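The chain contents come next:
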Amino acid sequence: MNTRTVTTVPHCLWDIGATLGEGALWHAGARQVWFVDIKGRRLHCYDADNGNKRSWDAPGQVSFVVPVAGGGFVCSLEDGLYRFHETTGEFSPLLKVEADQPGNRFNDGHVDAAGRLWFGSMDDAEDQATGALYRFDGRAASRVDDGYVITNGPAISPDGRTLYHTDTLAKRIFAFDLGQDGLVARKRLFAELADGGYPDGMAVDAEGCLWVATFGGWRIDRFDPQGRKLGEVRFPCANITKLAFGGDDLRTVYATTARKGLSAAQLEAQPLAGGLFTFRADVPGLPQHALRLQDQP
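The following paragraphs examine the structure supplied in this document.

Reading the values: the criteria
- For every chain, the first residue of the written sequence is number 1, and numbering continues from 1 along that sequence.
- Thresholds applied to this predicted model are a pLDDT of at least 70 for local features of residues and 80 or more for the giving and counting of side-chain atom pairs; totals over whole chains, interfaces and linings are not thresholded and use all residues.
- Calculated side-chain values reflect all of the structure's heavy atoms, with hydrogen atoms and water omitted.
- In this analysis the probe radius is 1.4 Å and the grid spacing 1 Å, with only protein atoms considered; a cavity is a set of points the probe fits into but cannot get out of, a pocket is an open set with protein on both sides within 12 Å along at least five of seven lines, and lining residues have an atom within 4 Å of a point.
- Grid points are joined across faces, edges and corners, and a volume is the space filled by probe spheres set on the points.
- A run of DSSP states H or I qualifies as a helix once it reaches four residues; a run of E qualifies as a strand once it reaches two. Both are numbered from the N-terminal end.
- Note that Gly is not counted as nonpolar here; it falls among the polar residues with everything else outside the nonpolar set of Ala, Val, Leu, Ile, Met, Phe, Trp, Tyr, Cys and Pro and the charged set of Asp, Glu, Lys and Arg.
- Pairing of aromatic rings covers Phe, Tyr and Trp, the last through its six-membered ring, and needs centres within 6.5 Å; plane angles under 30 degrees mean stacked, over 60 mean edge-to-face, and all others mean tilted.
- With a 1.4 Å probe rolled over the protein chains alone, any residue whose accessible area is under 20% of its type maximum counts as buried; one over 50% counts as exposed, and the rest are partly exposed.
- Strand pairing is defined by DSSP finding a minimum of two bridges between the two strands.
- Helix axes are fitted only over the stretch in contact, all axes being lines through C-alpha atoms; the angle between N-to-C directions runs from 0 to 180 degrees.

### Overview of the layout of surface pockets
Any empty space left between atoms is shown by rolling a water-sized probe over those atoms.
Step number 1: Considered as a void within the structure, the largest pocket measures approximately 640 Å³ in volume.
Step number 2: Residue lining of the largest pocket: 38 residues in total, with H110, V111, I156, P287 and H289 positioned closest to the centre.
Step number 3: Counting residues per element, the ones that place at least two in the lining of the largest pocket are β2 (21–27), β6 (65–67), β10 (104–111), β14 (151–156), β18 (198–204) and β22 (240–246).
Step number 4: The residue inventory of the lining of the largest pocket, partitioned by class, reads 23 nonpolar, nine polar and six charged.
Step number 5: Volume-wise, the second largest pocket comes out at about 250 Å³.

Here it is in structure tokens:
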């Protein structure tokens, strides 16, 4: 196992000042970085080749964006999953989820190698443990785990056998055994943050190590598959929310950040908070998979 310490310095690609930047995604086919501003209700796209920037208004709190096999994207709004049409900017309903939880919204999402979407919900007031983890197989969504105030960071090991998921407010990252049929078992504590900040979005690298963005922690941590911290990447702002491995060699990391919760004095001291950042990693990440949709009933 490689135990190198990560020391790369990130720089800001897009000083967009997102209130709650999230959902960093590398779309390899188009060589683009997609991400959202949940509280700003905006969807953003950065072109890695020419630096072009585009943004769309969303009709609600859009929390993640994932590519769809055959083209297009799926996003989440407060009441479920939506198709996003890049050419028109339209969000069309795909699947209602948690209609009985009007105080909830959705947060982070990840697509596995089988084309299934893993995503979590949370209490929008960040107070009640009404959040849950879901698996969407392209037709229906199934509740996998619950009892969360804020869900975050679904991520999967390179062999597809371990699912990682975060209980952000408890500062805990859990691991599950993941079967080929999408069923999970043996939930266990993988790591607990004890050096400041809250675990947010995550990504796994080709060596099986888990990279964890920390909200309020000024950094991204790297853990080995046994949950031991190997190193960190420090940022010039406190709230790091999500990362994605991109570029031709999957060693260019893109990370979203947030201004949410920062005072006027803190914002003055952190002028790049809410920006899209990038840095180079010593080890590549894993390819982004596409969601496989089935015919809707």
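Now that the structure has been shown, the text picks up again.
### Concerning the packing of aromatic side chains
Step number 1: Scanning the model with the defined rule gives 18 aromatic pairs in all.
Step number 2: Pairing W26 with Y254 gives two aromatic rings, centres 5.7 Å apart and planes at 5°, and the pair type is stacked. Here W26, found in strand β2, pairs with Y254, found in strand β23 (residues 252–257); they are 228 residues apart in sequence, far enough to count as distant.
Step number 3: Under the relative-accessibility criterion, W26 is labelled buried at 4%.

### A word on the sheet that holds strand β24 (residues 276–280)
Remark on secondary structure: sheet strands pair via backbone hydrogen bonds, oriented parallel or antiparallel.
Step number 1: Strand order in the open sheet made by the four strands is β1-β24-β23-β22, with antiparallel pairing throughout. A single partner strand is all that each edge strand has here, and the edge strands are β1 (11–14) and β22. For this sheet the average axis-to-axis angle between neighbouring strands, irrespective of direction, equals 35°.
Step number 2: Judged from the six bridges that link them, β22 and β23 form a sheet pairing that is antiparallel. Bridging across to β23, A244 finds its partner in Y254.

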